[in-house]
Amino acid sequence: MRDMIKAGVVGATGYAGAELCRLLTGHPGAELAAVSSVSFEGKALWEVYPSYYQVCGPVCGTQEQVVEQCDVVFAALPHGLSQELAAECARKGRVFIDLGADFRLESEEEYQEWYGGGFLDRELHQRAVYGLPELFREKIRGQRLIANPGCYTTAVPLALYPALEAGLIEKDGIVADCKSGVTGAGRKMTQNTHYPELNEAFTAYKVAAHRHTPEMEQTLSKAAGAPVRLTFVPHLLPVNRGILATCYARVRPGVTLEQLEETYRERYGGEYFIRLLPKGRVADIKNVWYSNFCDISLHLDKRTSTFIAISAIDNMVKGAAGQAVQNMNLAFGLEETAGLKLFPPAF
């Protein structure tokens, strides 16, 4: 019987970090061995999140303690803070899974343009793999440095990848119209996430200027085998959790909805975490809360030859912590669904 994997979370008191702690506490093959937090060092996790009382209560230590004590280190940090930590984990022989953006983009020029920084160690970046298991599973297995995609960058590619891969839709003119729950903005208070600003409101933000754009284009370009550009417009919903991605693309002449449905069934038919909804059903964030599922519904507007793919995920699970655990399972050769067979509440 193999030993339990010792898992650690750097940035454990942010929303994604706290969700990681919740999932790891119930994992059959891993134990939450150490956590760190700059803001709450010395405090037990349950003191920050009272719902964790007597269930998940490690004391927040330092980043260095997490690296020393753990086999796998999850970094739930803002961009720009993971590269040196990843290098230290590489020196210590730890598996490193980054929930931030530091290793997601292959192009340093694009990273400089969208994030304002550079690659500190180009060789380390070359060793990183992109952790979207349903698309790149075989590249992830056994790897030591995994760039964990975020919410939009999971929901949009999963919605469009099979159609682009099969050449059923045009590469030009793709639109991703997305809505996110407020946890996607992180735990730190900002003006637009202040309750009086958010409640009873619904607005777009960072229109045609969101940092996730090049990452989605990078993934979709792999599907198409050629450069893909898309128009991405995110919106902020006055709800805690969820991403709804409504994606529009022009179908190639003669393509039918039946062809599209068959293509998606062939691509995703064996995927536990992707649920292709039956005809007449529409993906809804309520039906994926607290789960690692991605629900996808497919539609075709025959009048305008427009394909509409709608995906729904929980941004804190499949869009962050759940996918990170899924990647850990692949890295250590565990059952991919281990610790993640949670299904959404009915209401």
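Structure report, in brief.

1. Some details on the overall build of the chain
Piece 1. Across its full length, the chain holds twelve helices and 14 strands.
Piece 2. In summary, the chain has a C-alpha radius of gyration of 20 Å against a globular reference of 20 Å for 347 residues, a match within 12%.
Piece 3. Along the longest, intermediate and shortest principal axes, the C-alpha atoms of the chain span 60 × 45 × 45 Å.
Piece 4. With 347 residues in all, the chain has 56% of them scored as buried.
Piece 5. Taking the contacts inside the chain whose residues are at least 6 apart along the sequence as the reference set, 71% of them involve residues at least 24 apart.
Piece 6. As presented, the chain carries roughly 15,500 Å² of accessible surface, and 51% of it is formed by carbon and sulfur atoms.
Piece 7. In the chain, 35 side chains carry a positive charge and 40 a negative one; their mean positions are 3 Å apart.

2. What about the packing of helix α1 (residues 15-25) against helix α12 (residues 317-331)?
Piece 1. Relative orientation of the contacting elements α1 and α12 amounts to 45°, with a least axis distance of 9 Å. Between α1 and α12, the angle is such that the two are oblique. In this structure, the crossing between α1 and α12 has a hand that is right-handed. Touching Ala-16, Glu-19, Leu-20, Arg-22, Leu-23 and Leu-24 of α1 are Val-317, Ala-320, Ala-321, Gly-322, Ala-324, Val-325 and Met-328, all from α12.

3. Thoughts on the sheet that holds strand β5 (residues 95-98)
Piece 1. The seven strands lie next to each other as β3-β2-β1-β4-β5-β7-β6, forming an open sheet whose pairing is parallel. A single partner strand is all that each edge strand has here, and the edge strands are β3 (60-61) and β6 (129-130).
Piece 2. In this sheet, strand β4 (residues 72-75) lies alongside strand β1 (residues 5-10) in parallel orientation, the contact comprising four bridges. By the bridge assignment for β4, Ala-7 is matched with Val-72.
Piece 3. The sheet strands contacting helix α4 (residues 83-92) are β1, β4, β5 and β7 (145-147), and the helix crosses β5 at an angle near 160°.

4. Side note on the sheet that holds strand β13 (residues 294-301)
Piece 1. Sheet architecture is open: seven strands sit in the order β9-β10-β8-β11-β14-β13-β12, paired in mixed fashion. Edge positions in the sheet fall to β9 (203-204) and β12 (274-276), since each has one partner strand and no second.
Piece 2. Here β13 pairs with strand β14 (residues 306-313) via eight bridges, running antiparallel. Residue pairing across strands places Ser-297 opposite Ile-310, the latter belonging to β14.

5. Notes on the pattern of salt bridges
Proximity of charged atoms lets side chains of opposite charge pair with each other.
Piece 1. Scanning the entire structure with this criterion turns up 23 salt bridges.
Piece 2. Among the ionic pairs, Glu-134 bridges to Lys-318, the shortest N-O distance being 2.8 Å. Of this pair, Glu-134 sits in helix α7 (residues 133-140) while Lys-318 sits in helix α12; the two residues are 184 residues apart in sequence, bridging distant segments of the chain. A single burial state applies to Glu-134 and to Lys-318, both of which are buried.

6. Overview of the packing of aromatic side chains
Two measures describe an aromatic ring pair: the distance that separates the ring centres and the angle between the ring planes.
Piece 1. Going through the model one piece at a time under the given rule, you end up with twelve aromatic pairs.
Piece 2. Aromatic pair Tyr-272 and Phe-273: ring centres 5.0 Å apart, planes at 90°, arrangement edge-to-face.
Piece 3. For Tyr-272, a relative accessible area of 40% puts it in the partly exposed group.
Piece 4. Residue classification places Phe-273 among the buried positions, given a relative accessible area of 2%.
Piece 5. Aromatic rings pair up to connect Tyr-111, Tyr-115 and Phe-119 into one cluster.
Piece 6. In this structure, Arg-275 packs its charged tip against the face of Phe-293, placed 4.3 Å from the ring centre.

7. Considerations on helix α5 (residues 108-115)
Piece 1. Taken residue by residue, α5 has Glu-108, Tyr-111 and Tyr-115 as its buried positions. Projected down its long axis, α5 carries its buried residues within an arc of 60°, all on one side. Along α5, the residues that are exposed and aim more than 90 degrees away from the buried face are Glu-109 and Glu-113.
Piece 2. Contact partners of the buried residues in α5: α4 and α6 (122-127).
Piece 3. Residue Gly-116 follows α5 closely and has a positive phi angle near 75°.

8. Considering α1
Piece 1. With eight of eleven residues buried, α1 lies mostly within the body of the structure.
Piece 2. Listed as buried for α1 are Ala-16, Gly-17, Ala-18, Glu-19, Leu-20, Cys-21, Leu-23 and Leu-24.
Piece 3. Contact partners of the buried residues in α1: β1, β2 (30-36), α2 (45-48), β4 and α12.

9. Concerning the packing of helix α8 (residues 152-165) against helix α10 (residues 213-224)
Piece 1. Orientation of α8 relative to α10, taken along the N-to-C sense of each, is 20°, at an axis distance of 9 Å. Judged on the interaxial angle alone, α10 and α8 are roughly parallel. As α8 packs across α10, the resulting crossing turns out to be right-handed. Along its contact with α8, which presents Tyr-152, Thr-153, Val-156, Pro-157, Leu-160, Tyr-161, Leu-164 and Glu-165, the element α10 presents Glu-215, Met-216, Thr-219, Leu-220, Lys-222, Ala-223 and Ala-224.
Piece 2. Its residues placed into classes, the contact of α8 with α10 shows ten nonpolar, two polar and three charged.

What counts and how
- Residues numbered from 1 in each chain as written.
- Predicted model: local features only at pLDDT ≥ 70, side-chain atom pairs only at ≥ 80, totals over all residues.
- Heavy atoms only, no water.
- Helix = DSSP H or I, 4+ residues; strand = E, 2+ residues; numbered from the N terminus.
- Rg over C-alpha atoms; globule rule 2.2 N^0.38 Å.
- Buried < 20%, exposed > 50% of the residue type's maximum accessible area, 1.4 Å probe, protein only.
- Contact = heavy atoms within 4.5 Å.
- Areas by Shrake-Rupley, 256 points an atom, 1.4 Å probe, with all protein chains shown as cover.
- Lys, Arg positive; Asp, Glu negative; His and termini not counted.
- Charge placed at Lys NZ, Arg CZ, Asp CG, Glu CD.
- Axes fitted to C-alpha atoms, helices over the stretch in contact; angles between N-to-C directions.
- Parallel < 35°, antiparallel > 145°, perpendicular 65-115°, else oblique.
- Left-handed = near helix turned anticlockwise from the far one by under 90°.
- Pairing = 2+ DSSP bridges.
- Salt bridge = Lys/Arg side-chain N within 4 Å of Asp/Glu carboxyl O.
- Phe/Tyr/Trp six-rings, centres within 6.5 Å; stacked < 30°, edge-to-face > 60°.
- Lys NZ or Arg CZ within 6 Å of the ring centre and 35° of its normal.
- Arc of directions from axis to C-beta.
- Nonpolar A, V, L, I, M, F, W, Y, C, P; charged D, E, K, R; others polar.

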